[in-house]
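# What the coordinates show
What follows is the residue order along each chain.
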Amino acid sequence: MRAAVIVFPGSNCDRDLAVALERAGARVSMVWHKDTELPAGIDLVAIPGGFSFGDYLRCGAIAANSPICRSVVAHAERGGHVLGICNGFQVLTETGLLPGALMRNAGLKFICRRTELRVETTDSPFTSGYAPGQVIDIPVAHHEGNYTAGPDLVARLRDADRIAFTYCDNLNGSVADIAGILSENRRVLGMMPHPERAADAGHGGTDGAILFDSVVAQMATA
């Protein structure tokens, strides 16, 4: 199974994400934002957290217009898998691969701590290793993590079982406690919390490792 981690100016979780994927058994390539094509044979594209382009204009907006993102969108449109974490989730909404928007936290402060998430669906390559309703402990670190969507969109996400994770304690004001969502084909996941920071016992927990193990195992046997 081959994965590509996209690197933007201001990314700061790219190496953590690569290590988490490698630990799960993936072969990882680091791809610079000015590249125009993904490496051949990529199964999963992973967009890391950080502050791409300094969060200027709007979080993820400049990154979403980088040359490599055209290939990321094409990969997803061909049915490829994409994972966006924190700033990566913001990039996915800016590219249109996922609906909604990430706005400033309700408390107007940067939040950096561990938090509990509830697994809302196990019907995806990313969440199949969890139990339905399982509560997991995953770190967050964001200032614009307030997932915002109108009632019609939230209803569509619920009806299609596309809400992947919710906050047990809504720390940023996200509508319907949403922490992560899936695309219509369930192959694109965006989430604000950082599973790559909970993928090794040395991090104080391994609940995030299950996500990487799940997606790598599913694609390795596909």
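To be clear, the structure that these remarks concern was listed above.
Sequence order sets the numbering: in each chain, residues are counted from 1 along the sequence as written. Totals for whole chains, interfaces and linings use every residue, but because this is a predicted model, local features are given only for residues with pLDDT of at least 70 and side-chain atom pairs only at 80 or more, for both listing and counting. No hydrogens and no water enter the side-chain calculation; it runs on all heavy atoms of the structure.

### Looking at the packing of aromatic side chains
Selection criterion: Put simply, two rings from Phe, Tyr or Trp (the six-membered ring, in Trp's case) pair if the centres are within 6.5 Å, and we call them stacked under 30 degrees between planes, edge-to-face over 60, tilted for the rest. What counts as a helix is a DSSP run of H or I of at least four residues, what counts as a strand is a run of E of at least two, and both are numbered from the N terminus. Here the term buried applies to any residue with accessible area under 20% of the maximum for its type, exposed to any over 50%, and partly exposed to those in between, with areas from a 1.4 Å probe on protein chains only.
Using the criterion set out here, one finds four aromatic pairs in the structure. Here the aromatic rings of Phe8 and Phe53 are separated by 6.4 Å at their centres, their planes lie at 55°, and the arrangement is tilted. Placement of the pair is Phe8 in the loop between strand S1 (2–7) and helix H1 (14–23) and Phe53 in the loop between strand S3 (44–47) and helix H2 (67–77), with a sequence separation of 45 residues. For Phe53, a relative accessible area of 22% puts it in the partly exposed group. Note on Phe51 and Phe110: the rings are 6.4 Å apart at their centroids and 35° apart in plane angle, and the pair reads as tilted. Residue Phe51 is found in the loop between S3 and H2, and its partner Phe110 is found in the loop between strand S5 (101–103) and strand S6 (111–119); the two are separated by 59 residues along the sequence. A relative accessible area of 42% places Phe110 in the partly exposed class.

### Considering helix H5 (residues 209–220)
The condition that has to hold: Expected helix span is taken as 1.5 Å per residue step, with the number of steps being one fewer than the number of residues. We call two residues in contact whenever any of their non-hydrogen atoms come within 4.5 Å of each other.
Here H5 spans 16 Å end to end across twelve residues, near enough to the 16 Å set by a 1.5 Å rise per residue. Here the buried face of H5 lies against H1, S3, strand S4 (81–85), strand S9 (163–167) and strand S11 (188–191).

### Notes on the side chain of Asn105
Heads up, the rule is: Any pair of N or O atoms that falls within 3.5 Å is considered a polar contact. Within protein, one atom must be able to donate a hydrogen and the other to accept it, and sequence-neighbouring residues count only if both atoms are side-chain atoms.
By the secondary structure assignment, Asn105 is in the loop between S5 and S6. Separated by 3.0 Å, the side chain of Asn105 and the backbone nitrogen of Gly145 make a polar contact. Setting aside residues up to four positions removed in sequence, Asn105 forms contacts with Phe110, Ile111, His142, His143, Glu144, Gly145, Asn146 and Asn172.

### Some points on the pairing of S3
To be explicit about the condition: Strands were regarded as paired on the criterion that DSSP finds at least two bridges between them.
Alternating residues of S3 divide into Leu44 and Ala46 and Val45 and Ile47, and every residue in both groups is buried. In this sheet, S3 lies alongside S1 in parallel orientation, the contact comprising three bridges. Bridged to Ala3 within S3 is Leu44. Bridge count between S3 and S4: four bridges; the pairing is parallel. In the strand pairing of S4, Val45 is matched with Val82.

### Considering the pattern of salt bridges
Cut-off, in case you're wondering: Salt bridge, as used here: a side-chain nitrogen of Lys or Arg that lies within 4 Å of a carboxyl oxygen of Asp or Glu.
The full count for this structure, using the stated rule, is six salt bridges. Its salt-bridge partner being Arg104, residue Glu144 comes within 3.5 Å of it at the nearest N-O pair. With Glu144 in the loop between strand S7 (135–142) and strand S8 (146–148) and Arg104 in the loop between S5 and S6, this residue pair connects regions lying 40 residues apart in the sequence. Since its relative accessible area comes to 48%, Arg104 is described here as partly exposed. In this structure, Arg114 engages Asp137 in a salt bridge whose closest nitrogen and oxygen atoms are separated by 2.8 Å. With Arg114 in strand S6 and Asp137 in strand S7, this pair connects stretches of sequence that are 23 residues apart. Using a relative accessible area of 27% as the deciding quantity, one classes Asp137 as partly exposed. Connected through shared salt-bridge partners, Asp123, Asp161 and Arg186 make up one network.

### Concerning H1
To keep things clear, this is the line we draw: Directions are taken from the helix axis to each C-beta atom, and the arc is the one they span.
Along H1, the residues that are buried comprise Asp14, Leu17, Ala18, Ala20 and Leu21. Angular distribution of buried residues about the axis of H1 spans 160°; they occupy a single face of the element. Of the exposed residues in H1, the ones pointing more than 90 degrees away from its buried face are Arg15 and Val19. Among the structural elements, S1, strand S2 (27–32), S3, S4 and H5 are those in contact with the buried residues of H1. Directly beyond the C-terminal end of H1, a positive phi value near 110° is found at Gly25.

### A few points about the nonpolar core
Going by this rule: We call a set of buried residues a nonpolar core when its members are Ala, Val, Leu, Ile, Met, Phe, Trp, Tyr or Cys and they connect through side-chain atoms within 4.5 Å of each other.
Membership of the largest hydrophobic core comes to 71 residues, with the highest contact counts inside it found for Leu21, Phe165 and Phe212. In terms of residues, this core owes the most to one element, H5, which gives six residues. Those residues in contact with Phe212, other than ones at most four positions away along the chain, are Leu17, Ala20, Leu21, Ala24, Leu83, Ile85, Pro195, Glu196 and Ala199.

Geometry only, nothing functional implied.
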